[in-house]
Amino acid sequence: MKISVLTPTYNRASLLKNLYNSLVKNSKYGIEIEWLIMDDGSVDDTKTIIEGFEENDNLEIRYFYQENQGKMVAINKLVDIATGDLIVDCDSDDYFTHDAFKIIGQAYEENKDEKNIYALCFLKYDQDGNNIGNEFKEKKTTMFDLYFKEGETGEKALVFFSDIRKKYKHELENNEKFVTEARMYHKMDEKYKMICINKEIMICEYQKDGYTKNIMKQFKENPKGYFKYFQEILTKHNMKGVTFKKRLYVIKHYILFTTLTKNKRILKGVKGLFNKFLIILLYIPGSFMTNISLK
């Protein structure tokens, strides 16, 4: 078995050593590891640092460079290049637990013959040993159901089956550089499901300049992709069973991005009278608050 680890990076030379060390530790389990790194135009010594990393019989390191095209383009390119049976994205500020690949290998052997499965879904922990979110309630589910119906919170670590993952791309709108990964996941949900495993495989340390810390900046710079994401939820998904809290979350963000993109056809294609009622009820105050925040 072979696992392709995909890492987009930008000016994170000082952090990559943690991820490298975790891959070296996991290489002892006899699983072939391919670490593919896409440098998105770094101006620090990222390339030099990576060139100093040593490979071994089970760890191959491949470095690529692109000029500031963003995380999603980087991942799309690395997916095309990946040759592993499994694919896992790992940001430059994340790293694997000491036994992550042992856990992944066991889970793969137990579930590799399951039909219509696109990923194995594991837990992420922070550096203080806390679960980033909740444990899973269901073993087999979709990403949409996990977060919108089952009450899951926080980030998860997805290990994709390569043959299915390679069929999908992160879709970007109008030359934007970022879109939520969930947009692609929800499209995978239409045909496939995930196997959820209550074991941690990844440690996360959020950075001050990271995507999560600067979410409002991401919203303003990439509104069209986010608009399409929330529009697709309201026009394509069956909202039966979605918690009211999550339904309200979708409506509020849909209004936010209709305002940012100046889209006036707010009810076009929206399913469900209740959803339409909430949009009409909240549109004026939501749009007003969005404009105030922009100023």
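Refer to the structure printed above.
Residues numbered from 1 in each chain as written. Predicted model: local features only at pLDDT ≥ 70, side-chain atom pairs only at ≥ 80, totals over all residues. Heavy atoms only, no water.

Colleague: An account of the overall build of the chain is needed here, citing residue identities and associated values.
Modeller: Helix and strand content of the chain: 11 helices and nine strands. Scaling as 2.2 N^0.38, a compact globule of 295 residues should have a C-alpha radius of gyration of about 19 Å, and the chain matches this with 20 Å. Taken along the three principal axes of its C-alpha coordinates, the chain extends 60 × 45 × 35 Å. Burial statistics for the chain: of 295 residues in total, 53% are counted as buried. For the chain, the exposed surface amounts to about 14400 Å²; the carbon and sulfur share of it is 50%. In the chain, 47 positive and 43 negative side-chain charges are present, and the distance between their average locations comes to 10 Å. (Helix = DSSP H or I, 4+ residues; strand = E, 2+ residues; numbered from the N terminus. Rg over C-alpha atoms; globule rule 2.2 N^0.38 Å. Buried < 20%, exposed > 50% of the residue type's maximum accessible area, 1.4 Å probe, protein only. Areas by Shrake-Rupley, 256 points an atom, 1.4 Å probe, with all protein chains shown as cover. Lys, Arg positive; Asp, Glu negative; His and termini not counted. Charge placed at Lys NZ, Arg CZ, Asp CG, Glu CD.)

Colleague: Which residues make up the environment of Glu110, and what values go with them?
Modeller: Turning to its location among the elements, Glu110 is positioned in helix H4 (residues 100-111). C-alpha of Glu110 to C-alpha of Leu120: the two residues are 10 residues apart in sequence and 11 Å apart in space.

Colleague: Please set out unusual backbone geometry residue by residue, giving values where relevant.
Modeller: Here the phi dihedral of Asn11 falls at roughly 55 degrees; this positive angle occurs in a residue that is not glycine. Positive phi, close to 60 degrees, is recorded for Lys262, a residue that is not glycine. Tracing the sequence through the fold places Lys262 in the loop between helix H10 (244-260) and helix H11 (273-294). Classification of Lys262 as exposed rests on a relative accessible area of 66%.

Colleague: Would you mind going over H4 in detail, with residue names and values included?
Modeller: Counted at 1.5 Å a residue, the expected span for H4 with its 12 residues is 16 Å, and the 16 Å between its end C-alpha atoms agrees. Looking only at H4, the buried set comprises Ala100, Phe101, Ile103, Ile104, Gly105, Ala107, Tyr108 and Asn111. (Expected span 1.5 Å × (residues − 1).)

Colleague: So, the environment of Phe257: which residues are in play, and what are the values?
Modeller: Structurally, Phe257 is set in helix H10. Between the alpha carbons of Phe257 and Gly286 there is a distance of 10 Å; along the sequence they are 29 residues apart. Beyond its immediate chain neighbours, meaning those up to four positions away, Phe257 contacts Phe219, Pro223, Tyr226, Phe227 and Phe230. (Contact = heavy atoms within 4.5 Å.)

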